[in-house]
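Report on the structure
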Amino acid sequence: MRVFLTIIFIFMTTYQALSQTSLKAIFASKPPKIDGLVTENIWQKAALIDQFTQRQPDTGQPMTEKTQFFICYDRDNLYLAFKCWDDPAKLTAKELARDASLQYDDKLQIIIDTFLDRRNAYWFQINPRGCIGDALVSQNGSKFNKSWDGLWEGKAHITGYGYEGEIAIPFKTLSFRVGQTTWGFKVIRQISRKNETGYWPTANLDSYKFQVSDAGDLTGLVDLSQGIGLDITPYGLLGIDNEENQQSTGISDVGLDAFYQITSGIKTALTINTDFAQTEVDNRRINLTRFPLFFEEKRDFFLDGSGYYNFGLEGNSQYSNVLIPFFSRRIGLDSEGNPVPIIGGIKITGQAGKWNFGLMNITDNGKNGNNNYTVARISRNIGSQSYIGVIGTNGNSLGDENNNLIGVDLKLGTSTFLNNKNLSAVLFALKSNTKNISNSDHAYGFTFSYPNDFLYIAGGFHEIGENFQAGIGFVPRVGIRQSYFNGSIGPRPKRFGILQINCGADIDYITEINNTLLTRRLGVLPFEVDFISGDKFLIAVVNSYEYLKNDFNIHPENTIPAGNYTFNRFYIEAESAKRRPFWASIDFGTGGFFNGNRDEYSASISYKIAVPLYLGLQYEYNDITLPTGSFNTKVSRLNIDILFSTDIFLYNYIQYDNLSKNMGWQSRFVWILNPGRELYFVWKSISHDPYDRFEITESSTRLKLKYTLRF
């Protein structure tokens, strides 16, 4: 308690004011044509940003290459343009497809805080070839939802002096308060081959990469129109399902998504007969643990506004996946990850003053008939980076019993501790209510984080009762008390081509509620080296203790007996720079594993043969020796992507594992006719034991047209 009161005192006495660089947007009486050529007269009159400061490698110094960024607007759109000087032969621009990862490409990134709350923002990016992507940023940059898709357009071209481009973001795509004339605004340029990032306004290494609180002010935004705020997106679908030794089945379906801006800050979404045919498949994995694996949400309907449902540990800790009261993947998917029909649903998300809220009600058609799920989340901002909130859920995807839960959380945070450092603490408590179950149905805990560049410290504690059940959440381990701590230092020597060296240690300590030790993990990171070139190398050592109360059936033919086990493992990881057309990585681990030995290998090879063609291969191998026998696991993944243009692309993803002995193949052809008007052709198949005989045992084909009408 004394530590907690000290933290509160620090928060309350820390100076919170942060001066912001300001820029006034210019109204465009004649909007520019978005063709990627910055030649129209309006750009000569637009607001200009040309002072970019390095975040790395030479913090605080001007960028090594000249950059100009222009801003103007009319009633319907925010218009952005840029000119980036560089040697065009040295540009890194490997991607074309919308929403491709541009982590290792040269690019421009834009962060727009429309509510000026210094916490939440929209994020947009574009590379020299006009490949665009977007995301939602929350919790002041610590939470990043890359799967959100907005309707906007951007074009870019490589030129004789570097590259240039233009962007148009409709105000109908954004939520904001009517009459608020100032937004938070940040621009980031990345020069990949130099591992160089430049910011406007100035950012320091102790801020989150996409920190919102230190954005500048974009002023002068008056008379903006969101229309009536209604988007209607019907879809039509045709398909065929084939299964071995059975007659083919024809499929036809229609459905609808509708979005309405109730107020400028509050949006409601309605879905009827929801379809996710275009969603990419999950990575296949073989589980060598005693607990369920975590798979991220990939479906657009649930991703839009998902930040409003974050609770407690989410986005604040590397342990955020151990206790999630609402996990949207519990809805519309069975325990094997196969789609379950969603009949319909409604959700409301948004902000009103200092209040943030999300409400969702969904009905799906599972094995036992229709199932209804509800989640409600409300939080209130406190100060500049803190909040208090509650969450409630109703519904049970884990069983037939009625289940609901309620929880409360408090976050105390600042981004100006000791002038420019981040510091936060989160406290939370949850109580579940399941029919015919009582007692020990609680969860509570806290976490703290000092996530800064040279010194990183994080830790926490939580207790999860043995009868705690989150019916539409993700809680892989119950009946435990877990304490954890992670600390590291990261000097930047500025010699030998080194960008940063990280050294640290972490400990994880898990007991039963009665304090019987179940798991202890002590990890030491002697060094992790990141080079300016983008290459990486690390060595780690881990000491583990595990107490098995029951026999652990790790493999169909192998069981680890109940008992106490202590073992050590050693890891080496090396990765070449992913900005290169050809790159590779290899991870190797060896040492004890319960009462035996385990050698694990993971390798990835990727080759960008040319901008339109990409080949990627991943291979994971485990060789496990136990007193009861030996076995191995293998997982192979192959990507073959063909990018015809920024609007037309074909993805092929092939996976095989030697446990199921099934090969899965998904091909997705995407044609973006216009933003919001998209055509998908998706083919999925499963072949059993393809090394013995290649024969497709089941397949499905879908042709889907999605057409957005905006009012």
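Residues numbered from 1 in each chain as written. Predicted model: local features only at pLDDT ≥ 70, side-chain atom pairs only at ≥ 80, totals over all residues. Heavy atoms only, no water.

1. Here's the deal with the overall build of the protein chain
The helix and strand inventory of the protein chain stands at three helices and 42 strands. The globule rule puts the C-alpha radius of gyration for 711 residues at 27 Å, and the 26 Å found for the protein chain is close to it. C-alpha atoms of the protein chain, sized along the principal axes, occupy 75 × 70 × 55 Å. Burial statistics for the protein chain: of 711 residues in total, 52% are counted as buried. Within the protein chain, residue pairs in contact and separated by at least 24 positions form 58% of the contacts whose partners lie at least 6 positions apart. Of the roughly 31,200 Å² that the protein chain leaves accessible, carbon and sulfur atoms contribute 56%. In the protein chain, 69 positive and 73 negative side-chain charges are present, and the distance between their average locations comes to 5 Å. (Helix = DSSP H or I, 4+ residues; strand = E, 2+ residues; numbered from the N terminus. Rg over C-alpha atoms; globule rule 2.2 N^0.38 Å. Buried < 20%, exposed > 50% of the residue type's maximum accessible area, 1.4 Å probe, protein only. Contact = heavy atoms within 4.5 Å. Areas by Shrake-Rupley, 256 points an atom, 1.4 Å probe, with all protein chains shown as cover. Lys, Arg positive; Asp, Glu negative; His and termini not counted. Charge placed at Lys NZ, Arg CZ, Asp CG, Glu CD.)

2. Section: the pairing of strand 14 (residues 196–200)
Every other side chain in a regular strand lies on the same face of the sheet, so the side chains alternate between the two faces. Summarising burial for strand 14: five of the five residues are buried, a large majority. The pairing of strand 4 (residues 53–56) with strand 14 spans three bridges and is classified as antiparallel. Bridge assignment links Gln56 to a residue of strand 14, and that residue is Thr197. One ladder, built from five bridges, connects strand 13 (residues 183–191) with strand 14; its direction is antiparallel. Across the sheet, the residue bridging to Val187 is Trp200, located in strand 14. Taken together, strand 13 and the strand that follows it, strand 14, pair antiparallel across an intervening segment of four residues, in which Asn195 is found at a positive phi of about 55°. (Pairing = 2+ DSSP bridges.)

3. Describing a nonpolar patch on the surface
On the surface, a nonpolar cluster with roughly 480 Å² of combined accessible area is contributed by Trp355, Ile378, Ile382, Ile388, Val390 and Val408. Among the elements of the structure, strand 21 (369–382) and strand 22 (386–394) are those that each provide at least two residues to the nonpolar patch. With respect to the helices and strands, the residue Val390 is situated in strand 22. Relative accessible area serves as the criterion here: at 40%, Val390 is assigned to the partly exposed category. (Patch = residues over 30% accessible without salt bridge, like charges linked within 9 Å, V, L, I, M, F, W, Y side chains within 5 Å. Salt bridge = Lys/Arg side-chain N within 4 Å of Asp/Glu carboxyl O.)

4. Observations regarding the side chain of Ser175
The residue Ser175 is located in the loop between strand 12 (162–170) and strand 13 in this model. Taking relative accessible area as the criterion, Ser175 reaches 11% and is therefore assigned buried. A distance of 3.0 Å separates the side chain of Ser175 from the side chain of Gln261, its partner in a polar contact. (Polar contact = N/O pair within 3.5 Å; in protein donor to acceptor, adjacent residues only side chain to side chain.)

5. So, the packing of aromatic side chains
Remark: the centre distance and the inter-plane angle together describe each pair of aromatic rings, the angle taken between the planes. Counting across every chain of the model gives 34 aromatic pairs. For the ring pair Phe593 and Phe594, a centre distance of 5.0 Å and an interplane angle of 85° mean the geometry is edge-to-face. For the pair formed by Phe593 and Phe594, the shared burial category is buried. The ring centre of Phe295 lies 4.2 Å from the NZ or CZ of Arg285, which sits over that ring. Geometry around Phe593 places Arg598 over its ring, the cationic atom sitting 5.1 Å from the centre. (Phe/Tyr/Trp six-rings, centres within 6.5 Å; stacked < 30°, edge-to-face > 60°. Lys NZ or Arg CZ within 6 Å of the ring centre and 35° of its normal.)

6. Observations regarding the pattern of salt bridges
A pair can form between side chains of opposite charge whenever their charged atoms are brought close. Considering all chains together, one arrives at 33 salt bridges under this definition. The salt bridge partner of Asp217 is Arg118, with a shortest N-O separation of 2.8 Å. Of this pair, Asp217 sits in strand 15 (residues 216–219) while Arg118 sits in the loop between strand 7 (107–113) and strand 8 (121–126), placing them 99 residues apart in sequence. Across this residue pair, the class does not change: Asp217 and Arg118 are buried. Linked through salt bridges whose partners overlap, the residues forming this network are Glu65, Asp86, Arg193 and Lys194.

7. Side note on unusual backbone geometry
Cis geometry is adopted by the peptide bond preceding Pro57, which originates at Gln56 and carries an omega value of 5°. With respect to the helices and strands, Pro57 occurs in the loop between strand 4 and strand 5 (67–73). The amide bond that connects Trp200 to the next residue, Pro201, takes the cis arrangement and shows omega of -10°. In this structure, Pro201 sits in the loop between strand 14 and strand 15. Backbone geometry places Asn245, a non-glycine residue, at a positive phi of 65°. On the secondary structure map, Asn245 appears in the loop between strand 16 (230–243) and strand 17 (249–263). At Lys494, a residue that is not glycine, the phi angle is positive and equals roughly 55°. Of note, Lys494 is situated in the loop between strand 27 (480–489) and strand 28 (498–512).

8. Notes on the confidence of the model for the protein chain
Chain-level statistics for the protein chain give a pLDDT mean of 90 and a share of 95% at 70 or above. A low-confidence stretch, residues 1–20 (pLDDT under 50), is modelled with 28 contacts involving residues beyond four sequence positions or located in other chains. (pLDDT = per-residue confidence, 0-100.)

9. With respect to the nonpolar core
Judged by nonpolar contacts, the single largest core of 39 residues is most densely connected at Ile49, Phe69, Ile71, Leu80, Phe82 and Phe185. Listing elements by their share of this core, those giving two or more residues are strand 3 (47–49), strand 5, strand 6 (77–85), strand 7, strand 8, strand 9 (132–138), strand 12 and strand 13. Once residues within four sequence positions are removed from consideration, Ile71 is found in contact with Leu23, Ala25, Ile26, Ala46, Ala47, Ile49, Leu78, Tyr79, Leu80, Phe185 and Leu218. Judged by nonpolar contacts, the second largest core, of 31 residues, contains Leu430, Ile464, Phe468 and Val475. (Core = buried A, V, L, I, M, F, W, Y, C linked by side-chain atoms within 4.5 Å.)

10. Some details on the state of the cysteines
For the coordinates displayed, the defined rule picks out zero disulfides. The structure places no disulfide on Cys131, whose sulfur is separated from the nearest cysteine sulfur, that of Cys84, by 15 Å. (Disulfide = S-S within 2.5 Å.)

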